[in-house]
There are 2 protein chains.
Amino acid sequence: MIKSFYLIFIAILCPLHAIDPLPSWNEGIAKQKLLEFVKMTTEEGSGFIPPEERIATFDQDGTLWVEQPFYAQGTFALERIHALASQHPEWKHQAPFQAILERDQEAIKNFTEQDIGKILAVSHSGMSIKEYHQLVHDWLKEALHPRFKRPYTELAYQPMLEVLKFLREKGFKTYIVTGGGQEFVRTYGDQVYGIPTEHIIGTAGKVRYEIVNDQPVLTKIPDVFFIDDKQGKPEGINLFIGKRPVAAFGNSIGDQQMLEWSKGLALLVHHDDAEREYAYDEDSKIGRFSAELMRQARAKGWIVVSMKQDWNTLFAP
Amino acid sequence: MIKSFYLIFIAILCPLHAIDPLPSWNEGIAKQKLLEFVKMTTEEGSGFIPPEERIATFDQDGTLWVEQPFYAQGTFALERIHALASQHPEWKHQAPFQAILERDQEAIKNFTEQDIGKILAVSHSGMSIKEYHQLVHDWLKEALHPRFKRPYTELAYQPMLEVLKFLREKGFKTYIVTGGGQEFVRTYGDQVYGIPTEHIIGTAGKVRYEIVNDQPVLTKIPDVFFIDDKQGKPEGINLFIGKRPVAAFGNSIGDQQMLEWSKGLALLVHHDDAEREYAYDEDSKIGRFSAELMRQARAKGWIVVSMKQDWNTLFAP
């Protein structure tokens, strides 16, 4: 009887206590500004934004999941080169493949965009979209992050998963806008972030529609169609969505233009937590961060998130 | 009292009588197959399709609205050339502009793809996306269809508007996949079809992100980025949506690949109604239709809609 009373008591009182939608965020300016933005845009008043315009765009690598010491997709591509090497004896003496096969870390670190283009071309093409997804899916099941010894798909930032969920509950459409491969992210976007394929915008290779054995097939061909980085981000957002975002989230110089393009909130994740993750500050040699980006963020009133100060949890346990 | 009884009586009985979701469709095989498809895919059973996979794609010109005697966008482009002519005295002696300025209908009819590319390049670029939308918006308010003497935006096919609405009510996402200009259709897609910008896929020009007077702007530049026609349609569907449609609707050889790419229903609108609209049969010289397309439709079990037989109403009054 006392127990029943207690349960009824809880049931009545609970709705009066607001449940914190962002429990992995420490109290502070960043969290406060996020909550204020959502309240302002979704409740009646001068800042109200109608649901059809509630577009929120998120960079992926370094914003939604770990990008250090190397992008997951980069690791996938390098491993594909090893797997395909026996079919390409010429690679032994051919840049950039030689460096990969000889595991020359210094050379790999200094690959040019052209080198990377060549690697992606051969490792991400010559198969159907469906086969490619299977390949990535299988790889992600086995691959472990070198430091955290966990699958990459478990290394999404818990605080950002909370933001995604919270925004969707408040009627926002959440999009990934990544410099990484669109089809790569599509293989796990729904499972990891709750983001369906049609809300994943990314760098895209060309595909060719053809009829094979009387069945229609889309085959990945070794040409880049669209690079979704820097100015490519607002351009891609326009191409895919046709509306300016009202909230944008990034962490690198590749996201600056997307953050500028937001009509409302812009948030920059600052990796300053070498202990729990990585620190790539203005002066560090890793990551695509710069003092200039930080200066822009301050000047334009973007929310700067200190991973160290603002996040009490990094990953789901 | 009797009136109250009557109202209660109606209120109880009404849900038992199914309201026809497609009143502008005559009873017949096409309507029956459409209704069966929606019932099968949305009610429990072996044909059930989960909501997240309910993707329906629609060609626009000739499928959702009138495309004869000339595409609305084509007319817009030709009128832009006249409007811009004073700034381009060289056009008087330069193909393809000379033919437009001299209103040489025969030459205009025989424009090559290259000619059309040149016309679109100059008439659809050199301004921001926002300015372009305003231009199209203003033009659509004034322009009248030469035969029907009504704005183009009133010449959407009522039967297809009913299909769009019905599918959305049943949890389908409806997309336009047009060979026409993506940004052109985006100016009125929501108003005319209830389709938001992010569900409009079309032929796209390149845009350039830049900062003008301290404000970010997307400027249309005179290069084609993507042609959303023929094999471009399934390729575009993959790029934008990342899922195969389960229902596709078209009317021309430009739609064949999209209809093949549908995993479920494929529907071909056949313009055979010269009296109420236009007839462009296998042998006619107008439209992009062919005997081969009709043969494919029959062989593959696509629904062939006879405008004359299947639609009792063409346009909203």
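Residues numbered from 1 in each chain as written. Chains lettered and ligands numbered in written order. Predicted model: local features only at pLDDT ≥ 70, side-chain atom pairs only at ≥ 80, totals over all residues. Heavy atoms only, no water.

Trainee: Honestly, the pattern of salt bridges in this entry has me stumped. Any pointers?
Mentor: Two side chains bearing opposite charge may form a pair once their charged atoms approach each other closely. The tally for this structure, following the rule as stated, stands at 30 salt bridges over all chains. A:Asp273 serves as the salt-bridge partner of A:Arg276, at 2.7 Å between the closest nitrogen and oxygen. The class for A:Asp273 is buried, based on a relative accessible area of 3%. Where B:Lys300 meets B:Glu260, a salt bridge forms, and the shortest distance between an N and an O atom there is 3.5 Å. You can see B:Lys300 sitting in the loop between α13 (291–299) and β8 (303–306) and its partner B:Glu260 sitting in helix α12 (residues 256–261), a full 40 residues away along the chain. Judged by relative accessible area, B:Glu260 falls into the buried class, the value being 15%. (Salt bridge = Lys/Arg side-chain N within 4 Å of Asp/Glu carboxyl O. Buried < 20%, exposed > 50% of the residue type's maximum accessible area, 1.4 Å probe, protein only. Helix = DSSP H or I, 4+ residues; strand = E, 2+ residues; numbered from the N terminus.)

Trainee: Sorry if this is basic, but what is going on with the sheet that holds strand β8 (residues 303–306) of chain A here?
Mentor: As a general point, the strands of a sheet are linked pairwise by backbone hydrogen bonds and lie either parallel or antiparallel. All names here are of chain A. With mixed pairing, the 8 strands of this open sheet are ordered in space as β2-β5-β4-β3-β1-β6-β7-β8. Strands with a single pairing partner mark the edges of an open sheet, and in this sheet they are β2 (127–128) and β8. Bridging between β2 and strand β5 (residues 215–226) involves 2 bridges; their strand directions are antiparallel. Bridging from a neighbouring strand, Met-127 pairs with Lys-220 of β5. Running over the sheet, helix α8 (residues 158–169) touches β1 (55–58), β3 (173–181) and β6 (247–250) and is turned about 165° from β1. Strands in contact with helix α11 (residues 232–240) are β1, β3, β4 (200–212) and β5; relative to β3, the strand with the most contacts, it is inclined by about 130°. (Pairing = 2+ DSSP bridges. Contact = heavy atoms within 4.5 Å. Axes fitted to C-alpha atoms, helices over the stretch in contact; angles between N-to-C directions.)

Trainee: For this particular structure, what's the right way to read the interface of chain A and chain B?
Mentor: The interface of chain A with chain B comprises 32 residues on the first partner and 32 residues on the second. Here chain A packs against chain B, burying approximately 2,700 Å² in sum over the two surfaces, 57% of which is carbon and sulfur. Considering only the side of chain A, the residues that lose the most area to chain B are A:Glu198, A:Tyr209 and A:Leu239, jointly responsible for 25% of the buried surface there. At the boundary of chain A with chain B, the tally comes to 4 salt bridges. Summed over the shared surface of chain A and chain B, the number is 24 residue pairs in polar contact (both at pLDDT 80 or more). Elements with a contribution of two residues or more to the side of chain A that touches chain B: β3, α9 (182–186), β4, β5, α11 and α12 (256–261) of chain A. (Buried area = accessible area lost by both parts, 1.4 Å probe. Polar contact = N/O pair within 3.5 Å; in protein donor to acceptor, adjacent residues only side chain to side chain.)

Trainee: Help me understand the packing of aromatic side chains in this model?
Mentor: What describes a pair of aromatic rings is the distance from one ring centre to the other and the angle between the planes of the rings. The final tally for this structure, using the stated rule, is 38 aromatic pairs over all chains. Measuring from ring centre to ring centre gives 5.9 Å for B:Phe184 and B:Tyr188, while their planes differ by 85°; the resulting arrangement is edge-to-face. Its relative accessible area of 2% is what places B:Phe184 among the buried residues. Its end group placed over the ring of A:Tyr132, A:Lys220 keeps NZ or CZ at 4.6 Å from the ring centre. (Phe/Tyr/Trp six-rings, centres within 6.5 Å; stacked < 30°, edge-to-face > 60°. Lys NZ or Arg CZ within 6 Å of the ring centre and 35° of its normal.)

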